[in-house]
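Next come the chains, spelled out residue by residue.
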Amino acid sequence: MVRTFVLPLLLAAVAAAEHWAVIVVGSTGYWNYRHQADACHAYQVVRSHGIPESNIVLMMYDDVANSSSNPFPGQLFNKPTMHSSDAVDVYQNCHVDYRGDDVTPKKFLQVLLGDTAAGGKVLKSKSTDRVFVNFVDHGATGMVVFPSHNLYAKDLVETLKTMHERQLYKELVFYMEACESGSMFKDLLPENINAFVTTAANEKESSWGTYCPPVSDHIGTKLLGTCLGDLYSVNWMEDSDKSDLSKETLQEQYNRVKKLTDKSHVLEFGSPSMHDDPVGDFQSNTDHDGPTFSSADKSNNEPSKVDSSVNSRDIELITKFYQYLRSDSKDRTPLAHALMETIQQREMSDHVFRDIVRLTKSSSPTLTASDDPLNDSCLRHVNEIVEQHCGRYSDFGLQYVSHIVSLCNQGYDASIISAHAITACHRHSTKARVFAP
Ligand SMILES: *[C@@H]1O[C@H](CO)[C@@H](O)[C@H](O)[C@H]1NC(C)=O
Ligand SMILES: *[C@@H]1O[C@H](CO)[C@@H](O)[C@H](O)[C@H]1NC(C)=O
């Protein structure tokens, strides 16, 4: 008797559980081609495993597929091929929900919280549902970048905690590709909110692009002049594409990706209890409760991506270098200017931050040094001043955010660091813009 009641109830509960995905790219510019290719590939991974379009939210500026620099207008590729007929266009049916200026940290957090103030599609997830989040872009110590704003670690982790409090998920998985992405979660993300996170890099190193020029940026015989993917991102997606996601566990995917991503340290954070969950619970539309079985490690046959990988801080430079080098003489002048401007911006970033550190350290700290690895309010305050006087950080300049964090930790007050930042910005920004436009 009891059994006949329990089974339908159980089935009803299982049927009601839904799967959701939020995929976000924070960058713009043709030299960041790889981020939008990664995101559309991630979209294809979850779509092809059954998550309906209505349950996927994709935020990306969407300026690359149609860029005049793109030799394949309206198409994006996340992997090089010998023959163009073998190439997979990940832009096809890649449905963008928020594009252009709608790609903001505020809207991203509203999407996660199901807050319709975002003005578009938002999560409508419940306590029985599983949520997969994938963020791809540049980052720095304690922050990741959106087209015109920064998303700070504290705001992201607070939002995840709020989602858990409001029972907006049963379990959540977050894969983050960004430089210093470990700093977004390290010592910040609790282990008891049913969230499992992996990051492309630890808290003090770059992440890396791959399938880069000069040898791996081709589709057939056409050269794209920029990196087609990011190392951590293509490693997890190529693994998901060929694995049985109902059997592969999160821990197995993490271990494989960590091994393949040999230019940075892939890290995990959050709930250890989720290690044995199948990847398919998050990247497909089906739950696979119950015991799972290890699938064979198929990563051994993968071609090495080592030779075509480039530090993501340098990809703007190498993109502009190869665009210039490979151009016809009649088209070369604007490309030469773009290349020189990028080099000047890098020089300026070096000088500005050398001065900020030197000037600040010429006085004594007024606060006691802190054990807290990240003084969020100090970082925000100084960044606001830096960006006001120097402009937005370039992909290269972002590495120096760690210098600000370090000065804050050493007990220098935000107002002191900011005053020196104003001096340094004005001293060095006369010759060229210091940072990206
Ligand atoms: C890209 O170009 C195609 C063809 O002209 C157009 O239909 C599409 O709306 C454009 N997309 C974006 C994001 O500009
Ligand atoms: C963080 O930085 C601010 C601004 O410099 C300062 O007022 C505050 O005391 C610092 N907090 C800690 C815990 O060091």
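Since this is a predicted model, take the numbers as computed values, not measurements.

A. A look at the site of ligand 1. Taken together, the residues surrounding ligand 1 are Asp62, Asn66 and Arg99. With the chains in place, 30% of the 360 Å² that ligand 1 exposes on its own is no longer accessible.

B. Geometry of the packing of aromatic side chains. Taken as a whole and assessed by the stated rule, the structure comprises 14 aromatic pairs. Ring geometry for Phe132 against Tyr175: centres 5.3 Å apart, planes inclined by 80°, an arrangement best described as edge-to-face. With Phe132 in strand E3 (residues 130-136) and Tyr175 in strand E7 (residues 171-177), this residue pair connects regions lying 43 residues apart in the sequence. The class of Phe132 is buried, set by a relative accessible area of 1%. Classification of Tyr175 as buried rests on a relative accessible area of 2%. Between the aromatic rings of Tyr175 and Tyr232, the centroid separation amounts to 6.4 Å while the plane-to-plane angle is 70°, which identifies the pairing as edge-to-face. One end of the pair, Tyr175, is in strand E7; the other, Tyr232, is in helix H5 (residues 231-242), and 57 residues separate them in sequence. Tyr232 sits in the buried class, given a relative accessible area of 2%. An aromatic cluster is present here, built from Phe132, Tyr175, Tyr232 and Trp236 joined pairwise through their rings.

C. A look at the domain arrangement of the chain. You can read the domains of the chain as domain 1 (2-301) and domain 2 (327-429). The distance between the C-alpha centroids of domain 1 and domain 2 comes to 30 Å. Buried surface at the junction of domain 1 and domain 2, summed over both partners, amounts to about 1200 Å²; 55% is from carbon and sulfur atoms. The largest share of the area that domain 1 buries against domain 2 comes from His138, Thr141 and Tyr152, three residues that together contribute 38% of it. Our enumeration of links across domain 1 and domain 2 arrives at one salt bridge. Among the salt bridges present, the one from Arg380 reaches Asp155, with a minimum N-O distance of 2.9 Å. Counting across the interface, domain 1 meets domain 2 through nine residue pairs in polar contact (both at pLDDT 80 or more). Mapped onto the side of domain 1 that touches domain 2, the elements with two or more residues apiece are strand E4 (139-140), strand E5 (143-145), strand E6 (150-152) and helix H4 (153-165). For the side of domain 1 that touches domain 2, the leading source of residues is H4, giving three residues. The residue inventory of the side of domain 1 that touches domain 2, partitioned by class, reads nine nonpolar, eight polar and three charged.

D. Examining the pattern of salt bridges more closely. Enumeration over the complete set of coordinates arrives at 25 salt bridges. The residue Glu180 makes a salt bridge to Arg313 at a minimum N-O spacing of 2.7 Å. With Glu180 in the loop between E7 and strand E8 (195-199) and Arg313 in the loop between strand E14 (310-311) and helix H8 (315-325), the pair connects residues that are 133 residues apart, well separated along the chain. You'll find Glu180 and Arg313 in the same group, each marked buried. Notably, a salt bridge pairs Glu316 with Lys320, separated by 2.9 Å at the nearest N-O pair. Taken as a pair, Glu316 and Lys320 lie in helix H8 at a separation of four residues, close to a single helical turn. Note on Lys320: relative accessible area 13%, which makes it buried.

E. Inspection of the pairing of E3 at higher detail. The buried fraction of E3 amounts to seven of the seven residues, a majority that puts the element mostly inside the structure. The pairing of strand E1 (residues 19-25) with E3 spans seven bridges and is classified as parallel. Following the sheet pairing, Val25 is matched in E3 by Val136. Relative to E7, E3 runs parallel, the two sharing seven bridges. Bridging from a neighbouring strand, Asn134 pairs with Tyr175 of E7.

F. Local environment of the state of the cysteines. A full pass over the atoms with the stated rule returns four disulfides. With a sulfur-sulfur separation of 2.2 Å, Cys40 is cross-linked through a disulfide to Cys94. Taking the torsion about the sulfur-sulfur bond, which here is approximately -80°, the covalent link between Cys40 and Cys94 counts as left-handed. Taken together, the residues Cys40 in helix H2 (residues 33-48) and Cys94 in the loop between strand E2 (56-59) and helix H3 (105-113) connect sequence positions 54 residues apart. Of the residues examined, Cys94 reaches a relative accessible area of 9% and is grouped as buried. Between the sulfur of Cys378 and that of Cys408 lies a disulfide, 2.1 Å long from S to S. Judged by the sign of its S-S torsion, about -80°, the bond between Cys378 and Cys408 is left-handed.

Criteria and cut-off values
Residues numbered from 1 in each chain as written. Chains lettered and ligands numbered in written order. Predicted model: local features only at pLDDT ≥ 70, side-chain atom pairs only at ≥ 80, totals over all residues. Heavy atoms only, no water. Near = heavy atom within 4 Å. Areas by Shrake-Rupley, 256 points an atom, 1.4 Å probe, with all protein chains shown as cover. Phe/Tyr/Trp six-rings, centres within 6.5 Å; stacked < 30°, edge-to-face > 60°. Helix = DSSP H or I, 4+ residues; strand = E, 2+ residues; numbered from the N terminus. Buried < 20%, exposed > 50% of the residue type's maximum accessible area, 1.4 Å probe, protein only. Domains from an automatic or database assignment. Buried area = accessible area lost by both parts, 1.4 Å probe. Salt bridge = Lys/Arg side-chain N within 4 Å of Asp/Glu carboxyl O. Polar contact = N/O pair within 3.5 Å; in protein donor to acceptor, adjacent residues only side chain to side chain. Nonpolar A, V, L, I, M, F, W, Y, C, P; charged D, E, K, R; others polar. Pairing = 2+ DSSP bridges. Disulfide = S-S within 2.5 Å.

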